[in-house]
Amino acid sequence: MANLPDNRALLDWVEECRALMTPDEVEWIDASEEQLERLRTKGVATGEMHRLNPELLPGCYYHRSHPTDVARVEDRTFICTTDPAEAGPTNNHMTPEEAKARVLPLYKGCMKGRTMYVVPYSMGPIGSPFSRIGVELTDSIYVALSMCIMTRAGQAVLDELGPDGDFVRCLHSKGTLSPEDRYILHFPEEDAIWSINSGYGGNALQGKKCFALRIASVLGRREGWMAEHMLIVGVENPKGEIKYIAAAFPSACGKTNLAMLIPPEIYRNKGYKVWCVGDDIAWLRIGKDGRLYATNPENGFFGVAPGTGAKTNPNALAATRQNTIFTNVVRNLKDNTVWWEGLDKNPPEYGEDWLGNPWNGKTATTKGAQPNSRFTSPIAGCPCISDKVDDPNGVPISAIIFGGRRARTAPLVFESFDWTHGVFVGSALSSETTAATQGKVGVVRRDPMAMLPFCGYNMGDYFAHWLDMGEKLEHKPKIFHVNWFRQDKDGNFLWPGFGDNMRVLEWILARCEDAVPAVKSPIGLLPRKEDINVQGLDLAPGALDELLTVDNGLWLEEVQGLREFYSKFDRLPDALRAQLDGLEARLKG
Ligand code: OXD
Ligand code: MN
């Protein structure tokens, strides 16, 4: 039994929501092992979850979401502010009144026959000045258990909250799972989140995108810090010094892989190591010493399963070998384990696909795992986890990296001229669709700072906030752009990626220490060819030259595309428009 604090605001709100949704029971989550085990057993009994092989996958469970409910629903995601201009041109908007009028009737009585779980959780180490508390009410055991993996949840959070502590009010119900009535609503004026009719993680585990990005971005602007869609990684050199990097890539561009990179053998032999602090979200603040500090507000990984294998990311795979909940992957009925495309070359013959149909991996013509199938794993299970993940002050950031998937335009790496130019580079972040995902190569999707679906306020103001943070930072991290996905004329990748991205990180960190010179180009500072270590790499002849080439013609097209994108924003800071003009002039120059 949880020990409840005498927090009137919390107790009144829980009672108000109970009266609205009328669950049969209310259970407070203290996250004791005894309670969690009872919930797992209940989840198995109701069929919500299936217990996997305790020898091969100890503490692991299998879950399926509804087939119409397998991804974030951006068209059903709203920022609910009194003034639509506060949500800005890149978000869906409803006023709080409109949103509540539409959704309150859906919540009415929606938990009848169910238990309402009250999940107190902390984003960030409990008690850190960086951290924030949320309380999620949910009628899903899967959500309650997943929140206990993804966040620090339970009694310690209630104790931290105490009688006067403030919290983000998070309301979730599976409802009927009806897609037409599915809503993901954010109320930044009252620090509240409501989602209904989805059980999918990105919509229902509200600590992640809803709180730690959309609501937190608003808090950050108000209070002078930043919530970003960034991994955090530490690179240890042979002297034992660790430098930290934060990097923003749009979804499906390899954030988790970079966060858990294994350096190539020549680096490992010299003593280089890489430590993962986080793979998806960074909260960034200015420290007393005038540097930028980052914490990972999460406590687990909500990773895409397909493509995660012993070659691509052995550290992520190791994290999934215990205490993990798998969603929508293949069930191997022979040994009661799981499988997905890209795990290994040995799919089960006697399996069940993500829809629950019999599936034989040796003869199947359809994919067994849903392409967005997931694992929810505790961060502690990752072999390269940094010993700083629980540090209340976070880690000092030496470099910020933006990255996208561009076949031709962006070079392997470049450095921005200064902070303002770096903010411009982030605002221009984009990725191209690939043949594999869309059937059409080269369609550019603009995704500023990889935050397009996650910025909780007007993106013009968000750019201004970035510029303002730069003004306040006495020691600014350098800002870089990378592109692991450059292709030759025949569509072959020029760069091997994965562990070999260490070679680029080495250049980036050398630049942060002014240890190597760089070459000025119209778009930024490029490496000299000899400063990228290619020892032991089997690059095609001329590949490195091509990787470092800037094609002025293509970049002038990029300027046009960006001008069009910028025309959406009525609150675009002048400094960014000036940067765009400056880039055009240099390219024409
Ligand atoms: C995620 C995403 O799930 O970016 O992390 O979509
Ligand atoms: Mn993400």
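Only a predicted model underlies this, so the values are computations on that prediction, with no experimental measurement involved.

Asker: Hey, could you run me through empty space enclosed by the protein in this one?
Answerer: Think of a ball as big as a water molecule: rolled over the atoms, this probe shows where empty space is left. All chains considered together, the criterion is met by two cavities of 30 Å³ or more. A volume near 170 Å³ is recorded for the largest cavity. Of the residues in the lining of the largest cavity, the class split is ten nonpolar, four polar and two charged. Volume-wise, the second largest cavity comes out at about 30 Å³. Ser-217, Arg-221, Trp-225, Met-226, Ala-227, Glu-228, Tyr-457, Tyr-462 and His-465 are the residues that line the second largest cavity. When contributions to the lining of the second largest cavity are tallied by element, the ones reaching two or more residues are helix H8 (207–223), strand S12 (226–228) and helix H14 (459–472). Of the residues forming the lining of the second largest cavity, the biggest block, three residues, is contributed by S12.

Asker: Help me understand the coordination of the manganese ion (ligand 2), please; the structure alone is not making it clear to me.
Answerer: In an ideal octahedron of six donors the angles at the metal are 90 or 180 degrees, and in an ideal tetrahedron of four donors they are 109.5 degrees. The coordination sphere of the manganese ion (ligand 2) contains the protein donors Lys-209 (NZ), His-229 (NE2) and Asp-280 (OD), at a distance range of 2.2 Å. Donor residues for the manganese ion (ligand 2) sit on one chain with the sequence pattern K-x19-H-x50-D. Within this pair, whereas His-229 is found in the loop between S12 and strand S13 (231–236), its partner Asp-280 is found in the loop between strand S15 (273–278) and strand S16 (282–286), the two being separated by 51 residues in sequence. Assessed through its relative accessible area of 1%, His-229 is described here as buried. You can call Asp-280 buried: its relative accessible area is 9%.

Asker: Help me understand the side chain of Ser-173, please; the structure alone is not making it clear to me.
Answerer: Checked against the element boundaries, Ser-173 lands in strand S9 (residues 168–173). Accessibility expressed as a relative area gives 0% for Ser-173, which makes it buried. A distance of 2.7 Å separates polar atoms of two side chains, one belonging to Ser-173 and the other to Asp-139. Excluding its chain neighbours within four sequence positions, the residues that come into contact with Ser-173 are Tyr-107, Cys-110, Met-111, Arg-114, Asp-139, Ser-195, Ile-196, Asn-197 and Ser-198.

Asker: What is the right way to look at the packing of aromatic side chains in this model?
Answerer: For any pair of aromatic rings, the description consists of the separation of the ring centres together with the inter-plane angle of the planes. This structure, assessed with the given rule, holds 21 aromatic pairs. Seen from their ring centres, Phe-414 and Trp-555 are 6.4 Å apart, and the 85° between their planes marks the pair as edge-to-face. One end of the pair, Phe-414, is in strand S26 (residues 413–415); the other, Trp-555, is in helix H17 (residues 552–566), with 141 residues separating them in the sequence. For the cation-ring pair, Arg-331 lies above Tyr-62, with the distance from its terminal atom to the ring centre recorded as 5.9 Å. Geometry around Phe-485 places Arg-405 over its ring, the cationic atom sitting 4.0 Å from the centre.

Asker: How should the sheet that holds strand S2 (residues 50–51) be read in this particular structure?
Answerer: The strands making up a sheet are joined through hydrogen bonds of the backbone, oriented either antiparallel or parallel. Strand order in this open sheet of five strands is S2-S3-S19-S24-S18, and the pairing throughout is mixed. Every other strand in the sheet has two partners, leaving S2 and strand S18 (300–304) as the edge strands with one partner each.

Asker: What am I meant to see in the pairing of strand S11 (residues 192–196) here?
Answerer: Each regular strand displays side chains that alternate between the two surfaces of the sheet. Counting buried positions over the five residues of S11 gives five, a clear majority of the element. Residue alternation in S11 divides its side chains into two sets, Ala-192, Trp-194 and Ile-196 and Ile-193 and Ser-195, and both sets are buried. Pairing geometry for S9 and S11, over five bridges, is parallel. Among the inter-strand pairings, Leu-171 is bridged to a residue of S11, identified as Trp-194. Note: strand S10 (residues 183–187) against S11, five bridges, orientation antiparallel. The residue of S11 that forms the bridge with Ile-184 is Ser-195. Taking the residues that link successive antiparallel strands as the turn, the S10-S11 hairpin has four residues, and the phi of Asp-191 there is positive, at about 45°.

Asker: Could you clarify how one ought to interpret the sheet that holds strand S21 (residues 337–339) in this entry?
Answerer: Strand order in this open sheet of four strands is S21-S20-S22-S23, and the pairing throughout is antiparallel. This sheet does not close on itself; its edge strands, each paired only once, are S21 and strand S23 (358–359). With two bridges connecting them, strand S22 (residues 351–352) and S23 associate as antiparallel partners. Bridging from a neighbouring strand, Glu-352 pairs with Pro-358 of S23.

Asker: For this particular structure, what's the right way to read the site of ligand 1?
Answerer: Near ligand 1 the following residues occur: Arg-72, Lys-209, His-229, Ser-251, Asp-280, Arg-374 and Phe-454. His-229 is positioned such that a nitrogen or oxygen atom in its side chain is 3.3 Å from an oxygen atom of ligand 1. Within the side chain of Ser-251, a nitrogen or oxygen atom sits 2.7 Å from an oxygen atom of ligand 1. Computed on the free molecule, ligand 1 has an accessible area of 210 Å², of which 88% lies beneath the protein chains in the complex. Residues that form the shell around ligand 1 fall into these classes: one nonpolar, two polar and four charged.

Asker: What's the story with the pattern of salt bridges in this structure? I'm lost.
Answerer: Once their charged atoms are close, side chains differing in charge can pair, the charge on each being opposite to the other. Applying the stated criterion across every chain yields a total of 42 salt bridges. Salt-bridge contacts for Glu-530 lead to Arg-528; the nearest nitrogen and oxygen are separated by 3.7 Å. For Glu-530, a relative accessible area of 57% puts it in the exposed group. Here Arg-528 falls in the partly exposed class, since its relative accessible area comes to 30%. Taken together, the shared-partner salt bridges connect Lys-208, Lys-209, Lys-255, Asp-280 and Glu-298 into one network.

Asker: Any chance you could explain helix H18 (residues 574–588) here in plain terms?
Answerer: For an α-helix, the turn length of 3.6 residues means that residues three or four places apart are oriented alike. Across its 15 residues, H18 extends 21 Å between first and last C-alpha, which sits within 8% of the 21 Å expected from 1.5 Å per residue. Along H18, the residues classified as buried are Leu-576, Gln-579, Leu-580, Leu-583, Glu-584 and Leu-587. Projected onto a plane normal to the axis of H18, the buried residues spread over an arc of 135° and lie on a single side. Away from the buried face of H18 by more than 90 degrees, exposed residues Asp-574 and Lys-588 are located. Tucked inside the fold, the buried residues of H18 contact helix H12 (419–427), H14 and H17.

Analysis parameters
- Residues numbered from 1 in each chain as written.
- Chains lettered and ligands numbered in written order.
- Predicted model: local features only at pLDDT ≥ 70, side-chain atom pairs only at ≥ 80, totals over all residues.
- Heavy atoms only, no water.
- 1 Å grid on protein atoms, 1.4 Å probe; cavity = no way out; pocket = protein on both sides within 12 Å on 5 of 7 lines; lining within 4 Å.
- Points joined across faces, edges and corners; volume = space filled by probe spheres on them.
- Nonpolar A, V, L, I, M, F, W, Y, C, P; charged D, E, K, R; others polar.
- Helix = DSSP H or I, 4+ residues; strand = E, 2+ residues; numbered from the N terminus.
- Donors = N, O, S within 2.8 Å, 3.2 Å for Na, K, Ca; no water.
- Buried < 20%, exposed > 50% of the residue type's maximum accessible area, 1.4 Å probe, protein only.
- Polar contact = N/O pair within 3.5 Å; in protein donor to acceptor, adjacent residues only side chain to side chain.
- Contact = heavy atoms within 4.5 Å.
- Phe/Tyr/Trp six-rings, centres within 6.5 Å; stacked < 30°, edge-to-face > 60°.
- Lys NZ or Arg CZ within 6 Å of the ring centre and 35° of its normal.
- Pairing = 2+ DSSP bridges.
- Near = heavy atom within 4 Å.
- Areas by Shrake-Rupley, 256 points an atom, 1.4 Å probe, with all protein chains shown as cover.
- Salt bridge = Lys/Arg side-chain N within 4 Å of Asp/Glu carboxyl O.
- Expected span 1.5 Å × (residues − 1).
- Arc of directions from axis to C-beta.

This is a description of form; function is not addressed.
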